[in-house]
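# Analysis of the macromolecular model
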Amino acid sequence: MDISEQLEKIKNSKHLHKSWYRSTYPEVKAQGLDPAEHYLTEGAQKGYNPGKFFDTALYVSRYPDVATSGLNPLVHYEVIGVAENRIINPAKAASEDQKARKATEAARRKEAESVRKTAIAEARKAAAEAATKAAQEEIRKLKATLKPGPATPPPAAPPAAAPGQSTALDRLSAKARAAAKKGDWLEASRHWQHALALPAEPYVGLSQAAAEMGDLARADAILRDGLARFEANPLLLEAWCRLALKARRWSDVALRWQMIEDSGALVEPKLQLSVVEAFVQLGDLPRAEALVEGLRASHDADTGFQRADGLLAEAQGDWARAADIWLKRGLKATGVAKTSSYLRGVRALVQAGDPDAAEEEAKRLVTKFPREIAYLKLHSEVAIAQDAWAVALERWQKVEAIDPTEAGAMPPEWVYRIGVENARARTEAIRIGRLRATGMLTLATTVQSVDEAGALLFARRARRFYPENVRAMVARLLSANTRHSASIWWVRKLLESAPEPRIYFPSLVLSLLESSRLEDCEEVLETYTARYARDTLWLRAMIEIHYRRGDFAAMRDVMQAAVTQKLPKSIETLRVTRWIYDLIRLHPAPQSFLPQEIHELLLRIATLYDGKFLSDSIGMLLNPAQGDAVAVTHAARIAETAAQGLEMDPVQQEELLQFFMRRRDWEQVEALLALPAPGELTDANVRKVWNVIRNKIDIMLGRADVAGAEAEATAFLDQLAQNDLDGFAMSLTTGLLFRLPLSAGVVARLLACAERLGFTQMAERIGDWQQRHLGFDAGTTLNLAGRKRCFIVGNAPSIADLPLGALAGEDIFCVNRGMRALDVGLPQPKYLVVADPLVYKNHAGEIDADGASVEKFFVASNCLWRKPPTVPAIPLGSSGLKLSLAPFRHAPLHFHRGETVVVLAAQLAHLMGYSEIYIIGVDLDYSGAVTHFYGGGRKETERLANFRPGGSGTEMVNLAFANLQKAVESDGCRLYNASPGGKLDMLERVDFFDLLGLEKPLDPPPSKADAERNAAE
C-alpha cells in the first residue's frame, strides 16, 4: 500500500481526532501541519497517538507483525486489526490480560481439582460402602420390629389423649407404619427414631422459645442440659446443630454434625443440605461434596439441594456448572431465593468467561422485572465485565430512578476493574451532562475512603445534578474527622431539603451523641418518633443517653420494653449495643461499667437486635468466667489444627482471634497467628483474612519486630496481586502506611497496585510519599540523648500556671500545638511531636513553622498522609495496638497508641536514650471551660470522644502509661508525673518545684481548671 493510500486510510479512520492531536502535540498546531500527514510521516515513529482511544506504542508492542508489515500502525489496524478485533487502548489491554490470567488460573485450578477428586474418589467409595451396610442393618432391625413375634405383656398405657386428639407418639407411630407400608424404610426409621427420642422434646421446645426471644445463650444452655441427661439423643443433637446454623457459627455446626454422625442418627435431608454451607464456609469441600452426592439421586430437583450444589460448585471453581445450577434453580424458586439464584447464575457466567451469555440473561431479567433493583444492578455489573463504562453508568441511572439513595453507590471494585483514571477520562468524554455527573459521583464514592480531597473534587463536578448526595458526602467526611458541629449543620440542611429525610436522621443522632449534646439529641428523637415511630435508632440513642446520665433505672426500662415488644430496624448497619462493646472492650474490669442487675437484659438486647456474635462478645466482657470453658475448647482446636499443619478457615480464625484478644490471652493469640495463611484469596474471604493478617502485623510490631511485620505485609500484598484483588489492596493503603511508613517493599507494591488500577491521583500521592520519606534511616533516632532526663510538655490548662521558664537548659518535647507555650514562658523546645491529624490539617502552616525551629520534627504518618509538610519531617508509624491492653514493645519510629500524643512522645524519648522522662500538662480533666492551655472550647471537647462523660478515656490513658512503664523499666528507664494536679495517677508523682530546685509558692494559686470548678460549685 503506497503513501497516498495510507494517508487516505488515516484520514477516514474514526480514531484520528484532529483537534485532540493538535492540542496534545503543540508543534503540529504551531507549524500548521495536517494531523493525518504528520502522524503518517513523523508522529507514529515518535510514538504519538492519532486520538485518545488509539495507543500507538501499545499496538506496535502487542502485535509484532505491525513493525514487519511496513504499514503505519493505524493503517494496519484499519486494514487488518479491526477484522481480528485487536486491542488498541490500555484499558482494554489490561482487561484482556486479566481475562487471560484468570483463564490460566482457572485451568490450573481445574487440573488441581481433577487430581483432588481422583484422590478422594476411593475414600468416598469406601465411606459409601460402609454407609450402605449401616443403613441395611438399620432396615433389618426395623423390619424385625414390625414382624409379628411371640406375645408379650403390653406396656403400660400412656396417658389418654383428649377427645379428638392423638399423642405425639401416636402420630409418629402412624407415620412410621405408613412409610414402612410403602417400603420407605429410611423415612420409617426417622419417625421411629423421633418417637424413641420424645422424652427430650421439652428441652427442644424450651430452647426454641429462648432462641426466638433472642436469648441464644440460654437456648444453647438448655440443649446442653438436655444432652447431659439424654446422651446422644437425636432430637437434641439435631436441635443443637440447627441452633449453630441459626447463629451462623460454622465451626460449631461442623462439630455438632460430627456428633450426629458419630451417634448413627438418621437425619432429614433438609438439615444435611444446611450443613453443606457450613463445610463450604469452612473450606472442607470433601465433606460438603459427600453430603451433596449422597442426596443427588433423590433430591436433584429440590431447590434446597440445588442451593447446596451451587455453593459447592462455586467453592470448587466450576463456574460453568455453578451457572447452570443457579439458573435452573431460579426457574423453580420463589421470592428472595429466585432473585439470589439468578444473581449468582449470571455472575457465575461472567466468572466462567462467557460475558455474552451473562448479558443475554441479565437483559432477559430486567425486561421481565423492570423495577427489580437487584436485576438492574446486575445488568450494570455485566456492562462493567464487558468494559463498557458509559453503558454501566446509564444502567445505574435506572437503579437511581427507583431508589435515589443508590446514587453514586456503585461498588468500588467495579470501578477498579475499569481503572480509576480510565474511568475518569471516559467520564469526562461523556457529552450527556447527567450521565457525566453520575460517573463523577461514582468516582467520588469509590475513592472517598482513601482520598478524601480527591473525592470532594469529583463530587463538586456532580453537584448540579446530585446536590443532596454531595451534601451527604461532605457531612459523612466531616463526621469521620470528628468535626461534628460542621457535620450537624450539613445534616440539618439535608433534613430540610431531602425528599426522604429519614435516612439522614441516624447521622444527626450519632453526631449529637458523639458531641455530648444530649438535650439536642432528645429533641431530634422526639421529632423522629413523631414522624416514624420508635425503632432501633431511638433505642440505640436512648440507652446511651441514660447511661451517660447515670440513670440506670431508665436505661433498664427502655431495654425491658424493647425486649417485650421488638422494635423495627432503622437502618441495616445500625448496631444498638456496639458502642457499649467499644467502650468497655479494652478495660481490665469491663464488668464495672454497668450494674450487675442489667447485664442479662443488655445481652438479650444485643442478641435480639445485633446478633449472637456481638452478644457473646459483650457477655464475655461482663462475665469473664463465662468464657473459661469455651476457651479450653478453642485452645484445643487451635492446638489440633497446628499439630496437623492445616489452615484454619479465616472466618473461624478471626472469631477466635477476637475472643482471645478480649481475654488478653496472648499465648493463644500467638498460636492462632502462627497457623498457615489460606493459600487462596477470594472476594468472599479476603476481608476476614486481612483482619487476621492485620492483627498479625500488629502483634509483630508489639514485639518490636518491624522486619517481620514488613515481610507479612508484603507477602499479603503479593497474594492480593496474584488473585486479582488490587481493588481491595488499594483500600489498605492508609492502614499499611500508617503502620509501616518507612517500608520500601510496602510502598513499592502499593504504588504498583495504584498504577495497575489506573488510579493516577493515588499513584502520585504514594510516589510523593516514596520520595519524601523512604530515604530516612529509623536507626539514626536511637540514643540521641545527650543527658539523662527530659521533659514532655502536654497541652493541659494547668501548665499555664507553672513557672515554665525554670526548664531552661532542659531537653524539652512539645506536642501538637504545644509551642504556643512559648508565650507563657516555655524555653525553646528541642523536639516537636505531632500526632493529631485534624489539628495538623487545620494548623499546618503554624505547626510547620514550629517544626522548622526545633532540632527534630516528628509527625505521625496519619498526619503526613492528609497534609504533606512544607518542611522536613520524620514520619512516625503507629500499630493498631493500644498500650492500655498490654506492655507492648516499641521499635525506632514504630510505636503504639495510648489515647494521647504524650504516650507516643514518651516511647520516642525512651528510644532516644532518656532514662528519666518527666511529664507535665497531662491533666485528663476536660470539665473546664477550655481544654488546652491555649484555649479550645466546645469544638475541642466534642472531638475528645474517649474523654466524654461516662467514657473510659482517663482510665485508658493511665493504663497506657502504666504498661509503657513496664515495657521500658528493664532498660532502666522511669516515667514520672511532674504535674501538680490532674488525674494521671498511675505514674509516680514528683514535685515540679522540688525537681527543679524552685521555692514553692507559700499559697499556690489554684489552676485555671480548679478555679473554674470551685466557682461552679
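Placed above this text is the structure.
Now for a look at the structure at hand. No experiment lies behind these values; they were computed from the predicted model shown. (Residues numbered from 1 in each chain as written. Predicted model: local features only at pLDDT ≥ 70, side-chain atom pairs only at ≥ 80, totals over all residues. Heavy atoms only, no water.)

In this section: the overall build of the protein chain. A tally of helices and strands in the protein chain yields 52 helices and 9 strands. When contacts within the protein chain are restricted to residue pairs at least 6 apart in sequence, long-range pairs at least 24 apart make up 62% of them. Carbon and sulfur atoms make up 52% of the accessible area of the protein chain, which totals about 46,600 Å². (Helix = DSSP H or I, 4+ residues; strand = E, 2+ residues; numbered from the N terminus. Contact = heavy atoms within 4.5 Å. Areas by Shrake-Rupley, 256 points an atom, 1.4 Å probe, with all protein chains shown as cover.)

Okay, the sheet that holds strand E5 (residues 874-882) next. Spatial ordering of the open sheet is given by E6-E5-E4-E3-E2-E1-E7-E8-E9, a layout of 9 strands whose pairing is parallel. Strands at the two margins of the open sheet, each flanked by one partner only, are strand E6 (894-897) and strand E9 (988-989). With 3 bridges joining them, strand E4 (residues 856-860) and E5 adopt parallel strand pairing. Considered in E5, the bridge of phenylalanine 858 is made with isoleucine 874. Across the sheet, helix H48 (residues 901-911) touches strand E1 (789-793), strand E2 (812-815), strand E3 (831-834), E4, E5, E6, strand E7 (916-920) and strand E8 (974-977), and the angle it forms with E6 is around 145 degrees. (Pairing = 2+ DSSP bridges. Axes fitted to C-alpha atoms, helices over the stretch in contact; angles between N-to-C directions.)

On the surface, Lys11, Lys18, Arg22 and Lys29 cluster together into a positively charged patch. As for its position among the elements, lysine 18 is in helix H2 (residues 18-24). (Patch = residues over 30% accessible without salt bridge, like charges linked within 9 Å, V, L, I, M, F, W, Y side chains within 5 Å. Salt bridge = Lys/Arg side-chain N within 4 Å of Asp/Glu carboxyl O. Lys, Arg positive; Asp, Glu negative; His and termini not counted. Charge placed at Lys NZ, Arg CZ, Asp CG, Glu CD.)

Bringing the nonpolar core into the picture now. With 182 residues, the main nonpolar core has Phe716, Leu720, Phe759, Phe813 and Phe961 as its most contacted residues. Non-local contacts of phenylalanine 961, meaning those with residues more than four positions away in its chain, are made with Thr900, Val902, Val903, Ile919, Val922, Leu975, Leu984 and Leu987. Within the second largest apolar cluster, 52 residues are counted, among which are Leu495, Tyr528, Leu574 and Leu583. (Core = buried A, V, L, I, M, F, W, Y, C linked by side-chain atoms within 4.5 Å. Buried < 20%, exposed > 50% of the residue type's maximum accessible area, 1.4 Å probe, protein only.)

Before going further, it helps to spend a moment on helix H24 (residues 420-429). Buried within H24 are the following residues: Val420, Asn422, Ala423, Arg426 and Thr427. Looking straight down H24, one finds its buried side chains confined to an arc of 160 degrees; they lie on one side. (Arc of directions from axis to C-beta.)

A word on the packing of helix H15 (residues 269-282) against helix H16 (residues 285-299). For the pair H15 and H16, interaxial distance at closest approach is 8 Å and the crossing angle is 150 degrees. The angle between H15 and H16 places the two elements in the roughly antiparallel class. Considering the relative orientation of H15 and H16, their crossing is left-handed. Seen from H15, the contacting residues are Pro269, Gln272, Leu273, Val275, Val276, Phe279 and Val280; seen from H16, they are Leu285, Arg287, Ala288, Leu291, Val292, Leu295 and His299. (Parallel < 35°, antiparallel > 145°, perpendicular 65-115°, else oblique. Left-handed = near helix turned anticlockwise from the far one by under 90°.)

Further remarks concern the environment of asparagine 422. Along the chain, asparagine 422 falls in helix H24. Only 3.3 Å separates the side chain of asparagine 422 from the backbone oxygen of isoleucine 418, close enough to count as a polar contact. (Polar contact = N/O pair within 3.5 Å; in protein donor to acceptor, adjacent residues only side chain to side chain.)

A separate point is the pattern of salt bridges. Applying the stated rule across the entire model yields 52 salt bridges. Between glutamate 654 and lysine 688 there is a salt bridge; the shortest N-O distance is 3.1 Å. With glutamate 654 in helix H37 (residues 650-662) and lysine 688 in helix H39 (residues 686-702), the pair connects residues that are 34 residues apart, well separated along the chain. Here glutamate 654 falls in the buried class, since its relative accessible area comes to 10%. Between glutamate 670 and arginine 703 there is a salt bridge; the shortest N-O distance is 2.6 Å. Remark: arginine 703 occurs in the loop between H39 and helix H40 (706-722) and glutamate 670 occurs in helix H38 (residues 666-673); sequence separation between them is 33 residues. Take glutamate 670: its relative accessible area is 32%, and that puts it in the partly exposed class. Through salt bridges that share partners, Glu293, Arg296, Asp309, Asp318 and Arg321 make up one connected network.

Another point: the pairing of E8. As judged from the 4 bridges shared by E7 and E8, these two strands associate in the parallel manner. Each residue of the ladder has a partner; that of isoleucine 917, found in E8, is leucine 975. Here 2 bridges tie E8 to E9, and the two strands are oriented parallel to one another. Bridging across to E9, tyrosine 976 finds its partner in glutamate 988.

For asparagine 691, the position within the fold is in helix H39. Dropping the residues within four chain positions of it, asparagine 691 is found in contact with Glu654 and Leu657.

Let us look at the environment of alanine 200. Along the polypeptide, alanine 200 turns up in the loop between helix H10 (185-196) and helix H11 (201-212). Residue classification places alanine 200 among the buried positions, given a relative accessible area of 0%. Along the backbone, alanine 200 and asparagine 233 are 33 residues apart, and their C-alpha atoms lie at a distance of 7.4 Å.

It is worth spelling out the environment of isoleucine 693 at this point. Looking at where isoleucine 693 falls in the secondary structure, it is placed in helix H39. Separated by 20 residues in sequence, isoleucine 693 and leucine 673 have C-alpha atoms that sit 8.0 Å apart. Sequence-distant contacts of isoleucine 693, defined by excluding residues within four places in its chain, comprise Glu712 and Phe716.

This part takes up the packing of helix H19 (residues 335-351) against helix H21 (residues 373-385). In contact at an axis separation of 11 Å, H19 and H21 are set at 5 degrees when each is read in the N-to-C sense. One finds that H19 runs roughly parallel with respect to H21. Contacts between H19 and H21 involve Lys338, Thr339, Tyr342, Leu343, Val346, Arg347 and Val350 on the former and, on the latter, Ala374, Tyr375, Leu378, Glu381, Val382 and Ala385. Looking at side-chain class alone, the contact of H19 with H21 contains 9 nonpolar, 1 polar and 3 charged residues. (Nonpolar A, V, L, I, M, F, W, Y, C, P; charged D, E, K, R; others polar.)

Those residues of helix H46 (residues 844-852) lying buried are Ala844, Ile847, Asp848, Asp850 and Gly851. Buried residues of H46, seen end-on, are gathered within an arc of 155 degrees and therefore sit on one face of the element. What points out from H46, more than 90 degrees from its buried face, is the exposed set Gly845 and Ala852.

Any two aromatic rings considered together are summarised by their centre-to-centre distance and by the angle between their planes. Using the criterion set out here, one finds 29 aromatic pairs in the structure. Aromatic pair tyrosine 528 and tyrosine 532: ring centres 5.2 Å apart, planes at 55 degrees, arrangement tilted. One end of the pair is tyrosine 528 and the other is tyrosine 532, both in helix H30 (residues 518-532) and 4 residues apart, which spans about a single turn. Classification of tyrosine 532 by relative accessible area gives partly exposed; the value is 23%. Arranged with centres 6.0 Å apart and planes meeting at 80 degrees, the rings of phenylalanine 813 and tyrosine 914 form a pair that is edge-to-face. With a gap of 101 residues between them, phenylalanine 813 in strand E2 and tyrosine 914 in the loop between H48 and E7 connect regions that are remote in the sequence. Neither residue differs from the other here; phenylalanine 813 and tyrosine 914 are each classed as buried. Grouped by ring-pair contacts, the aromatic residues Trp20, Tyr21, Tyr25, Tyr39 and Tyr48 constitute a single cluster. (Phe/Tyr/Trp six-rings, centres within 6.5 Å; stacked < 30°, edge-to-face > 60°.)

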